[in-house]
Structure formats: C-alpha cells, structure tokens
Amino acid sequence: MSIRDAYSLWSTTYDSDRNLTRDLDQLATKSSLGDKSYLNVIEIGCGTGKNTAFLARIARTILAIDFSTGMLRQARLKVDSDNVGFVVADLTSPWPCKQNFFELIVCNLVLEHVENLGPIFHEASQALAEEGLFFISELHPFRQYKGTQANFQREDTTTEIPAFVHHLSDFTDSAEQNGFSLRAMKEWWHDEDHANLPRLISFTFQKQPQKGT
C-alpha cells in the first residue's frame, strides 16, 4: 500500500486510536512554539489537523499542506478558522506558496516517509523569509534503528506505512547545505516510556541571510 493510500485509510481513526507518538508530538510542538506568535506559517504534512488548531491560535495565517485527501477531509472538519487554508500537494514537488514570505514552517511526523531530505530543506529555504524558522518533530532515529515505524490497525490487521531511516546527521547536513543553522535540538520521552529510548527528536533551524545581503 502506498504512503498516500495508507494515510487516507487511517484518517478516519487517526485521532481516536491510541498513539503515544502522536500525543507526544502535540506536546513537543506546543512546548517549543507556544510562547511565541507568528505572522505567516506553513504546516507541511498537516494530516488530520492535530496541530493546526493550535497553530491557528499563534499565527496570523496558516497554509496547511498534505497529500492525503482523506487526512485533509478530517482536518477541514476539525479546524474551522478563517486564517487557515488547506491545500493538497506533494511535498517532494515544488510547494504551492510564495517565496521568501513565511516566518515559520512546521513539520510533524512527516519526514520518515520522505526518502531524500534535501528537496524538503530546499523548498523550506525558498519559502522562508530571512531568519525564518523551520521546526521539525520526528520519530527518533534510535527508535527507527530498532524497527519502529508508523502503523495502524484495522480489526486483526496491522498496516505498516513505508518509511525511511534518517540519521541525525542527515537532518543537520541537509539543513547546512540549504542555508540553515541549528538553533535547538531536543529529545522527547512520553510519560509511559520510562527508561526507553527517546521517542521523538525535534529541531529548530533558522534560515541564514545570503552572503552579501
């Protein structure tokens, strides 16, 4: 099953299924971004809008992008806000947005499904204004090394969604190659993780001014 089809199938129960990774991601996002306000924001891979409603409260405008029509259908039902626009688009292709315009890009639990991070960081750099921020929250590579990946159940059947392992250096190298510097990196554990490996990793990258400007 393709990644797009899997998420469309999952969309109707994504918010109600027990999912510690989803819940921790919401906490990590609010903790990292909640004490600030922003002008124009892109949310890439918005899914069912699990973070969109929060982002709409701290930003003037939100462009929420996903390639799953099923996920976006749920997001539109959940988030009824005049400052949010939803768009169907594939993140591995050029993004349908203004260049050098956005103050913040938010990306949650998406990049494990993208084989090559370079084009994502390139598009993010094109979309952000100078000194704009790129916040990423992802399944920790340490978990991926042990075989963990996004999955959901339908009755007695478990569907594992195709995923790619990205090392920490893959994130930082792709960022540097596309004009970003690392402002923050944090590891996250759910309360039920106890002494286990960290569940999530988050990064905050900042777009650097071009030389000579």
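This structure is a prediction, so every number in the text was calculated from the model and none was measured. Within each chain, residues carry numbers counting from 1 in the order of the written sequence. For this predicted model, a pLDDT threshold of at least 70 governs which residues receive local features, and a threshold of 80 or more governs which side-chain atom pairs are given and counted, while totals over whole chains, interfaces and linings are taken from all residues. The basis for the side-chain values is all heavy atoms of the structure; hydrogens and waters are excluded.

Engineer: Would you explain empty space enclosed by the protein in this entry?
Structural biologist: Once rolled over the atoms, a probe with the size of a water molecule shows which space is left empty. Residues are called lining when one of their atoms sits within 4 Å of a cavity or pocket point, these points coming from a 1 Å grid over the protein atoms alone, where a cavity is a set in which a 1.4 Å probe fits but cannot get out and a pocket is an open set with protein on both sides within 12 Å along at least five of seven lines. Grid points are joined across faces, edges and corners, and a volume is the space filled by probe spheres set on the points. One pass over the full model with this rule turns up 1 cavity of 30 Å³ or more. Of the voids in this model, the largest cavity is the one considered here, and its volume is about 30 Å³. If you trace the largest cavity, you find it lined by Leu111, Glu112, Glu138, Leu139, Gln144, Phe164, His166 and Phe171.

Engineer: Hey, could you run me through helix H5 (residues 118-127) in this one?
Structural biologist: Between buried and exposed lies partly exposed: a residue is buried under 20% and exposed over 50% of the maximum accessible area for its type, with that area taken using a 1.4 Å probe on protein chains only. Note on conventions: DSSP H or I runs of at least 4 residues are helices, E runs of at least 2 residues are strands, and numbering of each starts at the N terminus. All of the buried residues in H5 are Ile120, Phe121, Glu123, Ala124, Ser125 and Ala127. Packed against the buried residues of H5 are strand E1 (38-44), strand E4 (102-108), strand E5 (128-139), helix H7 (168-177), strand E8 (180-188) and strand E9 (200-207). Residue contacts are defined here by distance: any two heavy atoms, one from each residue, within 4.5 Å place the two residues in contact.

Engineer: Would you mind showing me how to read the layout of surface pockets here?
Structural biologist: One number sums up the size of the largest pocket: a volume of about 840 Å³. What lines the largest pocket is a set of 41 residues, among which Tyr7, Trp10, Leu109, His113 and Ala150 lie closest to the centre. Of all the secondary-structure elements, those providing two or more residues to the lining of the largest pocket are helix H1 (3-10), helix H2 (20-33), strand E2 (59-66) and strand E6 (151-154). It is H1 that provides the largest number of residues to the lining of the largest pocket, a total of 4 residues. For the lining of the largest pocket, the per-class residue count stands at 17 nonpolar, 13 polar and 11 charged. Classification used: nonpolar for Ala, Val, Leu, Ile, Met, Phe, Trp, Tyr, Cys and Pro, charged for Asp, Glu, Lys and Arg, polar for all others including Gly.

Engineer: Is there a simple way to think about the sheet that holds E9 in this case?
Structural biologist: To summarise the sheet geometry, strands pair through backbone hydrogen bonds and adopt either a parallel or an antiparallel arrangement. A pair of strands is considered paired only if DSSP assigns at least 2 bridges between the two. Strand order in the open sheet made by the 7 strands is E3-E2-E1-E4-E5-E9-E8, with mixed pairing throughout. Across the chains shown, the open sheet's two edge strands, defined by having one partner strand only, are strand E3 (84-88) and E8. Ignoring strand direction, the axes of neighbouring strands in this sheet form an average angle of 15°. Pairing between E1 and E2: 6 bridges, direction parallel. Among the inter-strand pairings, Asn40 is bridged to a residue of E2, identified as Thr61. Contacts between helix H4 (residues 69-78) and the sheet are confined to E2 and E3, with E3 contributing the most and set at about 165° to the helix. Lines fitted to C-alpha atoms define the axes, with helix axes restricted to the stretch in contact, and inter-axis angles between N-to-C directions lie between 0 and 180 degrees. The sheet strands contacting H7 are E5, E8 and E9, and the helix crosses E9 at an angle near 10°.

Engineer: Got a minute to help me understand unusual backbone geometry in this structure?
Structural biologist: Negative phi is the rule for most residues except glycine; trans is the rule for most peptide bonds. Despite not being glycine, Asn100 has its phi angle at roughly 55°, a positive value. Take Asn100: it is sitting in the loop between E3 and E4. With a phi close to 55°, Leu109 is a non-glycine residue in the positive phi region. Among the residues examined, Leu109 registers a relative accessible area of 12% and is labelled buried.

Engineer: Can you help me understand a nonpolar patch on the surface in this one?
Structural biologist: A contiguous nonpolar patch, built from Phe142, Tyr145, Val165 and Leu197 and spanning about 340 Å² of accessible area, is present on the exposed surface. Among the structural elements, Phe142 can be located in helix H6 (residues 141-145). The class of Phe142 is partly exposed, set by a relative accessible area of 33%. Patches here: salt-bridge-free residues with over 30% relative accessible area, like charges joined within 9 Å, nonpolar side chains (Val, Leu, Ile, Met, Phe, Trp, Tyr) joined within 5 Å. The accessible surface values rely on the Shrake-Rupley method and a 1.4 Å probe; as for residues, cover is taken only from the protein chains in view. The term salt bridge refers to a side-chain nitrogen of Lys or Arg lying within 4 Å of a carboxyl oxygen of Asp or Glu.

Engineer: Explain the side chain of Ser137 here, please?
Structural biologist: Along the chain, Ser137 turns up in strand E5. Here a polar contact means two N or O atoms within 3.5 Å. Within protein one must be a hydrogen donor candidate and the other an acceptor candidate, and residues neighboring in sequence count only if both atoms are side-chain atoms. In terms of polar contacts, Ser137 uses its side chain to reach the side chain of Asp25, at 2.7 Å. Excluding its chain neighbours within four sequence positions, the residues that come into contact with Ser137 are Asp25, Cys107, Asn108, Leu109, Leu200, Ile201 and Ser202.

Engineer: For this particular structure, what's the right way to read the pattern of salt bridges?
Structural biologist: If charged atoms from side chains of opposite charge come close, those side chains can pair. Tallied over the entire structure, the rule returns 6 salt bridges. Ionic pairing is found between Lys78 and Asp15, a salt bridge with its closest N-O pair at 2.7 Å. In this pair, Lys78 is assigned in helix H4 and Asp15 in the loop between H1 and H2, connecting sequence segments 63 residues apart. Look at Asp15 and you get partly exposed, because its relative accessible area is 33%. For Lys50, the salt bridge goes to Asp25, with nearest N and O atoms at 2.3 Å. Taken together, the residues span a long stretch of sequence, with Lys50 in the loop between E1 and helix H3 (52-58) and Asp25 in helix H2 at a distance of 25 residues. By relative accessible area, Lys50 is classed as buried at 12%.

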